[in-house]
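Residue-level listing of the chains:
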There are 2 protein chains.
Amino acid sequence: MKRKLRGIVFAGVFLFTSIAFLVALGAGPGEADPKLNLIWIAPVGSIIALLFAGYLVWRIMRQSEGTERMQQIAKIIRQGARAYLKRQYVVLGIFLIVMSAILGVMVINGYLALPVPFAFLTGGFFSALCGFVGMLVATNSSARTAHACQTSLNGGLRVSFSSGVVMGLMVVGFGVLDLSIWYFILNWLYRDLEAVEKIRTIASTMVTFELGASSVALFARVGGGIYTKAADVGADIVGKVEAGIPEDDPRNPAAIADNVGDNVGDVAGMGADLYESYVGSIVATMALGAAAFAAKGLGLESITVPLMLSALGIVASIVGTFFVRAGEKADQAVLLRAIRTGIYLSAGLIAIGSFFIIRATLGIEHLGLYGSIMAGLAAGLVIGYSTEFFTSQRYWPTRSIAEQAQTGEATVVIAGLSVGMLSTLVPVLAVAGATIAAYAFAYGFRDASMGLYGIGVAAVGMLSTLGITLATDSYGPVADNAAGNAEMAGLPPIVRERASALDALGNTTAATGKGFAIGSAALTALALISAFKEEVLKFILNTPRFADFLQANGIIPEGFSAMSALQKLQFFERLPQDVQGLFLSRNFNLSLENPMVIVGLLIGAMFPFLFSSLTMRAVGRAASKIVLEVRRQFREIKGLLEGKAEPDSARAVDIVTRAAQREMILPALMAIITPLLVGVFLGVSALVGLLIGALASGFVVAVMMANAGGAWDNAKKYIEEGAYGGKGTFAHKASITGDTVGDPFKDTSGPSLNILIKLMSMVSLVFAAFIVASALLK
Amino acid sequence: MKRKLRGIVFAGVFLFTSIAFLVALGAGPGEADPKLNLIWIAPVGSIIALLFAGYLVWRIMRQSEGTERMQQIAKIIRQGARAYLKRQYVVLGIFLIVMSAILGVMVINGYLALPVPFAFLTGGFFSALCGFVGMLVATNSSARTAHACQTSLNGGLRVSFSSGVVMGLMVVGFGVLDLSIWYFILNWLYRDLEAVEKIRTIASTMVTFELGASSVALFARVGGGIYTKAADVGADIVGKVEAGIPEDDPRNPAAIADNVGDNVGDVAGMGADLYESYVGSIVATMALGAAAFAAKGLGLESITVPLMLSALGIVASIVGTFFVRAGEKADQAVLLRAIRTGIYLSAGLIAIGSFFIIRATLGIEHLGLYGSIMAGLAAGLVIGYSTEFFTSQRYWPTRSIAEQAQTGEATVVIAGLSVGMLSTLVPVLAVAGATIAAYAFAYGFRDASMGLYGIGVAAVGMLSTLGITLATDSYGPVADNAAGNAEMAGLPPIVRERASALDALGNTTAATGKGFAIGSAALTALALISAFKEEVLKFILNTPRFADFLQANGIIPEGFSAMSALQKLQFFERLPQDVQGLFLSRNFNLSLENPMVIVGLLIGAMFPFLFSSLTMRAVGRAASKIVLEVRRQFREIKGLLEGKAEPDSARAVDIVTRAAQREMILPALMAIITPLLVGVFLGVSALVGLLIGALASGFVVAVMMANAGGAWDNAKKYIEEGAYGGKGTFAHKASITGDTVGDPFKDTSGPSLNILIKLMSMVSLVFAAFIVASALLK
């Protein structure tokens, strides 16, 4: 079995490298410039990923789902998840159609290029698809994992991890494939445009693909996050705390909803989220590459490089997954080492391969960008380490939370918040360091836009291992569901123990995965904001009214393209005071000395708090509904607590589904509308301030929430493993409160913030022309 | 009695206005320019405040302290508080001496002017003095308030509120008096300097006064905050939750420490804090006024205006306090209305008076600044309203927390956090609006530095009512201690009820007071950061090395002062690209397009989280020590819980004192050292980014913490008043957990953040020359 698999993979890798070589030698199809033919690496790599994912699905489906009871439970959960997603997709469908119509109007008014609404729609579609397929695979794998755990831990790991790998490869495979296809289409569509214009148009159209992906992702994350945590909190409060029955007890009417939640939140939501992150880092880099290289009259290489780096990452991830294997002892350290080996191997392969990609495509003079990639990769690993340190029960931060559990709920909550706050130090310094390093490497004393491109490339570098990190992240919910299945189906305790061991490990790897997502989000958002600024400048200088003004005042000669003037002469900085004054009065001054920038920063820094408040309130409200319903069922269904009657799980599922759907709309819409409002009414400088303020505070709050949540969870697990008296003690009860507070932190509000900061930048970028026009008209 | 008082006040007000008139007519002593003689309003106003405060102290001390037991309890608390402050002042003394020595070295090296170390020392001294005297008055008033509550509610209000008024007037009185004296000294000392140079030197020396005040305030707030909350949390956890005995029960060994904590944290800490806020807004405005007016060749008026506005505020506050009176019904709404009447009346008087001050001093052409004052006053009132809305149990936010208490600790915590986060919206918008309005009013299409001066003036306007708002804020702890005294002395329940009614009201007014402090801190910090940027530019252009460079390259003619060139020609913006490039490469570019600015913003946004984490951990650690000690005493002292033995309160007091002293040092030092490190190693642009990032996120986090804490506290009170089953229910227990989590939020970490963001700016400002020199040497 293993040998067969390896054979297939190595065949794929061989195929991939041979094509790459052939293409590099100019034997490939297409472009005049052989360097550009290397782009074929991208679709080929992504197809390999999808084929391999398909193979894994086939292999998973061949496994037995166990007893009839197990199958039945799996089926109910599958149905619940599908019902939820179906409703969610109706809402998303309406949203996508309305947004495309708006984009269509802007196309008609000349603000946007023709393919934009289509790019938007496909982005949204594929983001949703990744979530949906991921959910299908996960819900089909949980009972099979439970069944495999009956035989051995390693068997359980293999099934659940395979399901995670499917998710990881599907996200990166679809991501690179979709972008490649769009690249080919646009390259053909704009074949007659002047080179600089062509590159810019391709880049800015592809950005709208990401707008679709990230708005769908935000809905999915928020909706799924509300669902999963409302169900979880609700089930825990009445079940574990009040009635004193164990987690996933079949008597608990919310147990099924809780398990459905893992799939719609932690799988479907996360799939859409990371698809968005991945695609986002690539298109943001493309946009910056277009700006940096077009100014030099260089070609499409800057756009193809991020795609090729990602394709390299796919292959490296596939190879890495083969090294994740566990022995029979359910020891966290051993399991963690297995997973780490895979990730490090992938990172190593990327470190080697990307050197050749940069050298072959951009040439020796841009080798500084290799340094940028390494900066991104390194920052990702540092963030991963830091996350593990702050959330694993093997280190003092999590243990200090457990210690404070001895003195009660309040001190456990305070300790967790303070660990979460403390844990923001290293990721911020890592991202700050990566930003400076990536910028400096790429800048090389030449120009600022190359430096910004370097920041984008660093984000791509950080996310290049996503195929495997996402796999290690998303097998957790499968293991969690397997544990639930084993409990509800009444399998022997060893099965649940093994599944729980996998789940516990999943907690730490999930936190690490979130760390990656957050770190890359900061870099990506930074890249997107820079792209927005470029877009604004371009638009201003292309606006006839402004160009007229410049010409009427003799600042530029008649017929002289304002844009090329900008590019060649660093035009803006050379404008005389009074023309710069026009910009100032029109609010295009981005200095911290401009009070509008400060006002934007203040509002931006507040926004993630407002957003988190809304999502947390939503969880609270939805959870309250579940609590009341579960209490009602315990009260009214006779014999339920004695195990003599069945709970009405369907009703619980239905209640959370409705609540989550309703609650996700306001926060998601706010994220889209706020940048537009600020841009139109307060001007571009306040808008850039808003974006950077939201980035800075959103980043910090997201790290704080993810790590506090993870640490509370593991502090509880640490106590359950026997510390401070173990299960059932006062300290244990207090630690459950901490865990419950952390639930919406780490699975609803925190991860949504990553998407939020990118979506806000994306909205600004896509609507840049409209925003600038409104500002100029004032 | 009342009539006599009023007579004295009106006599004072009459005296004040007559002097002002005489002075305005040029009959006063001193200056050639009659406008400048108006400055005499400032010392006269402040002396009136201090005299009136002295009269009130005399009146309070005439009241009886009640039974012997009451006197004894009051004495123990007084001793505990004094012992704590004594130790704290030893640490502060060492700090002040070391810092003065450092400043002295910088004076010798020519970075700073000669009076700087002395200004620093006096600032620190008076900040500490305000805390100390406030504590003395408060500890002498609590038993007297309890005694007065035996007769009537109004009697209790009169004593406790008088003590609050003493605190308020002492802070504003000392603030204005100290600054006036320094102004006279410096004005005389630099009488021979050229006008522009003189104004700038006076302003920048007075800023170091604030450096002393704010570093002492940070130590006092952090140390006092750790003390009060560790004692409170510790006493509550073992006493209320575990042993089930009421608050302030004499059997609780931490009850005395808890009451001492109210005095050293909520009184001494707050006194130092608000003295710092008040003085900070004045000196920041002076510094900006110097920059704005010196550029125009205008005189000292810009420096005297903030002092005169503050003096006006003092008189208005005194008048306002006479309208705070309560009937016999302990109704929150009535009490609140009484307090509001006083505040509104003061605000109205300021609104009228400041018009004449601006008109008489700066003349009709600068009447726009009157708009800036109004913007600040209005924003302060809006923030006050918003705070009340989010923290009073009369509105839905706090009630929603109480409602969530029905489902347990976790939901109460989540609800409180989410209310706190939501509550950041209005204050941020209010400050943003005030910033834009104050800038725009003052800017008047003329110049940016006038706009910045407007922002400073708005901060002064917001804090001008401090005399009375601080009074309404700081009588709370006195009432709290009175309630404690009544409980411990075994007085009839009605006494405790009356004192508790006063205390409950104090919760809401305290939150409002914190809102003012935070809002004004944001404006003040903004002003300080602007002043820092001015200082940097001034220093760069005065640096011989740079001036040489400019002259060597023929950019400025020989002998032409770079600074006046800057002022007259807006020099920097007119510099050619390559010279600007020098600035860029030396990291003086403040645009959001500069990655160093972004890096600074990221680190700055993280800093308040790091700081809060440290202070919260400190509370947790200190509280744990108390919990273990109280448990030990309950276990080891036989008959204690039965009321047959005395607890060892002194030991509990000693444990918290030591813990608080040790824990306050690291966070406070970090706040001082971080800006220096960032400035020296990452450059000025990263430093400005750091300051703005810390301002934005610190502001939001501070509001969140203050309001969440206040709302949790009042949600508990709401339940105790009978909602959701009232005292002793499951919901009540859960609400206590919320309150306990909120304690370090609202009384330790949150209020320290106000000082933090100002102190960081102040350190940068004072060490600007040193930082720039290091950056230029690189």
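Residues numbered from 1 in each chain as written. Chains lettered and ligands numbered in written order. Predicted model: local features only at pLDDT ≥ 70, side-chain atom pairs only at ≥ 80, totals over all residues. Heavy atoms only, no water.

Another aspect to go through is the overall build of chain A. Scanning chain A from terminus to terminus reveals 26 helices and zero strands. The proportion of buried residues among the 778 residues of chain A is 69%. Partitioning the contacts of chain A with sequence separation of at least 6, the portion at a separation of at least 24 is 83%. When the accessible surface of chain A is summed, it comes to about 24,000 Å², and 64% of that surface belongs to carbon and sulfur atoms. (Helix = DSSP H or I, 4+ residues; strand = E, 2+ residues; numbered from the N terminus. Buried < 20%, exposed > 50% of the residue type's maximum accessible area, 1.4 Å probe, protein only. Contact = heavy atoms within 4.5 Å. Areas by Shrake-Rupley, 256 points an atom, 1.4 Å probe, with all protein chains shown as cover.)

In this section: unusual backbone geometry. Non-glycine residue Tyr724(A) carries a positive phi angle of around 50 degrees. Take Tyr724(A): it is sitting in the loop between helix 24 (684–720) and helix 25 (730–766).

Right, let's talk about the interface of chain A and chain B for a bit. Accessible area lost on assembly of the parts is the figure often given for the size of an interface. Listed by partner, the interface residues are 74 residues for chain A and 74 residues for chain B. Both sides together, the interface formed by chain A and chain B hides about 6,400 Å², and carbon and sulfur atoms give 79% of it. Summed over the shared surface of chain A and chain B, the result is zero salt bridges. Scanning the region where chain A abuts chain B turns up eight residue pairs in polar contact (both at pLDDT 80 or more). The dominant element in the side of chain A that touches chain B, judged by the number of residues it contributes, is helix 22 (residues 595–636) of chain A, at 22 residues. (Buried area = accessible area lost by both parts, 1.4 Å probe. Salt bridge = Lys/Arg side-chain N within 4 Å of Asp/Glu carboxyl O. Polar contact = N/O pair within 3.5 Å; in protein donor to acceptor, adjacent residues only side chain to side chain.)

Superposing chain A onto chain B takes a rotation of 180 degrees combined with a translation of 0.0 Å along the rotation axis, leaving an RMSD of 0.0 Å. The symmetry that links the two subunits is that of a two-fold axis. No C-alpha of chain A lies nearer the rotation axis than that of Ser591(A), which sits 2.0 Å from it. A share of 100% of interface residues in chain A that are also interface residues in chain B marks the association as one of identical surfaces. (Least-squares fit on C-alpha atoms with pLDDT ≥ 70 in both.)

For the structure on display, the rule yields 44 salt bridges over all chains. One salt bridge in this structure joins Glu636(B) and Arg632(B), with 2.7 Å as the shortest N-O distance. Taken as a pair, Glu636(B) and Arg632(B) lie in helix 22 (residues 595–636) at a separation of four residues, close to a single helical turn. Residue classification places Glu636(B) among the partly exposed positions, given a relative accessible area of 48%. On the basis of relative accessible area, Arg632(B) is assigned to the partly exposed category, the value being 24%. Residue Glu636(B) is joined to Arg635(B) by a salt bridge in which the shortest nitrogen-to-oxygen separation is 4.0 Å. One network of salt bridges, in which partners are shared, links Lys229(A), Asp232(A), Asp713(A), Lys717(A), Asp743(A), Lys746(A) and Asp747(A).

As a further point, take helix 4 (residues 68–108) of chain A. The terminal C-alpha atoms of helix 4 of chain A lie 58 Å apart, and with 41 residues this matches the ideal 60 Å at 1.5 Å per residue to within 8%. At the exit of helix 4 of chain A stands Gly110(A), carrying a positive phi of roughly 85 degrees. (Expected span 1.5 Å × (residues − 1).)

The geometry of an aromatic ring pair comes down to the distance between the two centres and the angle between the two planes. Residues and elements named next belong to chain B. Enumeration according to the criterion identifies 34 aromatic pairs over all chains in this entry. When the ring of Phe161 is compared with that of Tyr475, the centres are 6.0 Å apart and the planes differ by 70 degrees; the resulting orientation is edge-to-face. One end of the pair, Phe161, is in helix 6 (residues 153–189); the other, Tyr475, is in helix 16 (residues 466–488), with 314 residues separating them in the sequence. A residue is classified by how much of its surface remains accessible, and Tyr475, at 0% relative accessible area, is buried. (Phe/Tyr/Trp six-rings, centres within 6.5 Å; stacked < 30°, edge-to-face > 60°.)

End to end, helix 6 of chain B covers 53 Å across 37 residues, agreeing with the expected 54 Å (1.5 Å per residue, within 8%). Across the 37 residues that make up helix 6 of chain B, a large majority, 31, are buried.

What follows concerns the side chain of Asp178(B). Residues and elements named next belong to chain B. Secondary-structure assignment places Asp178 in helix 6. The buried charged residue Asp178 lacks any salt bridge partner; its closest oppositely charged side chain belongs to Lys758, at an N-O distance of 15 Å. Discounting residues that sit within four places of it in the chain, Asp178 has contacts with Phe126, Phe209 and Tyr275. (Lys, Arg positive; Asp, Glu negative; His and termini not counted.)

On to the environment of Phe355(A), then. Residue and element names in this part refer to chain A. Looking at where Phe355 falls in the secondary structure, it is placed in helix 10 (residues 332–361). Taking the C-alpha atoms as reference, Phe355 lies 6.0 Å from Tyr370; in sequence the two are 15 residues apart. Apart from the residues within four sequence positions on either side, Phe355 is in contact with Leu367 and Tyr370.

Bringing the nonpolar core into the picture now. By size, the foremost hydrophobic cluster in this structure holds 549 residues, and its most contacted members are Tyr453(A), Phe745(A), Tyr453(B) and Phe745(B). Leaving out residues up to four positions away in the same chain, Phe745(B) has contacts with Leu417(A), Leu417(B), Met616(B), Met704(B), Met705(B), Ala708(B), Trp712(B), Gly750(B) and Pro751(B). (Core = buried A, V, L, I, M, F, W, Y, C linked by side-chain atoms within 4.5 Å.)

This part covers the environment of Arg251(B). Residue and element names in this part refer to chain B. Within the secondary structure, Arg251 is located in the loop between helix 7 (195–243) and helix 8 (255–294). Judged by its relative accessible area of 23%, Arg251 is partly exposed. The spatial distance from the C-alpha of Arg251 to the C-alpha of Tyr344 is 43 Å, given a sequence separation of 93 residues. Apart from residues no more than four positions distant in its own chain, Arg251 is found in contact with Ile245, Pro246, Phe634, Leu640, Leu641, Glu642, Gly643 and Pro647.

A surface patch of nonpolar side chains, amounting to about 450 Å² of accessible area, comprises Ile665(A), Leu669(A), Ile673(A), Leu677(A) and Phe681(A). Mapped onto the elements, Ile665(A) comes out in helix 23 (residues 649–682). (Patch = residues over 30% accessible without salt bridge, like charges linked within 9 Å, V, L, I, M, F, W, Y side chains within 5 Å.)

A separate point is the confidence of the model for chain A. Residues and elements named next belong to chain A. Summarising the model, chain A shows a mean pLDDT of 82, and 86% of its residues fall at 70 or more. By mean pLDDT, helix 19 (residues 562–569) is the weakest element of chain A at 41, and helix 13 (residues 409–422) is the strongest at 93. Confidence drops under pLDDT 50 across residues 26–30; counting only partners more than four residues distant or on other chains, this segment forms eight contacts. Every residue in residues 555–572 scores below 50 in pLDDT, and together they form 34 contacts with partners more than four places removed in sequence or on other chains. (pLDDT = per-residue confidence, 0-100.)

Let's shift gears to the packing of helix 6 (residues 153–189) of chain A against helix 9 (residues 301–321) of chain A. For any two helices packed against each other, the geometry comes down to the angle between their axes and how far apart the axes lie. All names here are of chain A. Axis separation between helix 6 and helix 9 bottoms out at 10 Å; the angle between their running directions is 160 degrees. Our classification of the angle between helix 6 and helix 9 gives roughly antiparallel. Where helix 6 crosses over helix 9, the handedness of that crossing is left-handed. On the side of helix 6, the interface is formed by Phe161, Val165, Leu169, Val172, Gly173, Val176, Leu179, Ser180 and Tyr183, while helix 9 contributes Ile303, Thr304, Leu307, Ser310, Ile314, Ile318 and Thr321. (Axes fitted to C-alpha atoms, helices over the stretch in contact; angles between N-to-C directions. Parallel < 35°, antiparallel > 145°, perpendicular 65-115°, else oblique. Left-handed = near helix turned anticlockwise from the far one by under 90°.)

Residues and elements named next belong to chain A. Remark: helix 7 (residues 195–243) packs on helix 25, axes separated minimally by 9 Å, with the N-to-C direction vectors making an angle of 170 degrees. Considering their axes alone, helix 7 and helix 25 lie roughly antiparallel with respect to each other. The handedness of the crossing between helix 7 and helix 25 comes out as left-handed. Here the residues of the contact of helix 7 with helix 25 sort into 18 nonpolar, seven polar and nine charged. (Nonpolar A, V, L, I, M, F, W, Y, C, P; charged D, E, K, R; others polar.)

All names here are of chain A. Tracing the sequence through the fold places Leu96 in helix 4. Taking the relative accessible area as the measure of exposure, Leu96 reaches 11% and is therefore buried. Separated by 175 residues in the primary sequence, Leu96 and Gly271 place their C-alpha atoms 18 Å from one another. Once residues within four sequence positions are removed from consideration, Leu96 is found in contact with Phe120, Leu121, Gly124 and Val216.

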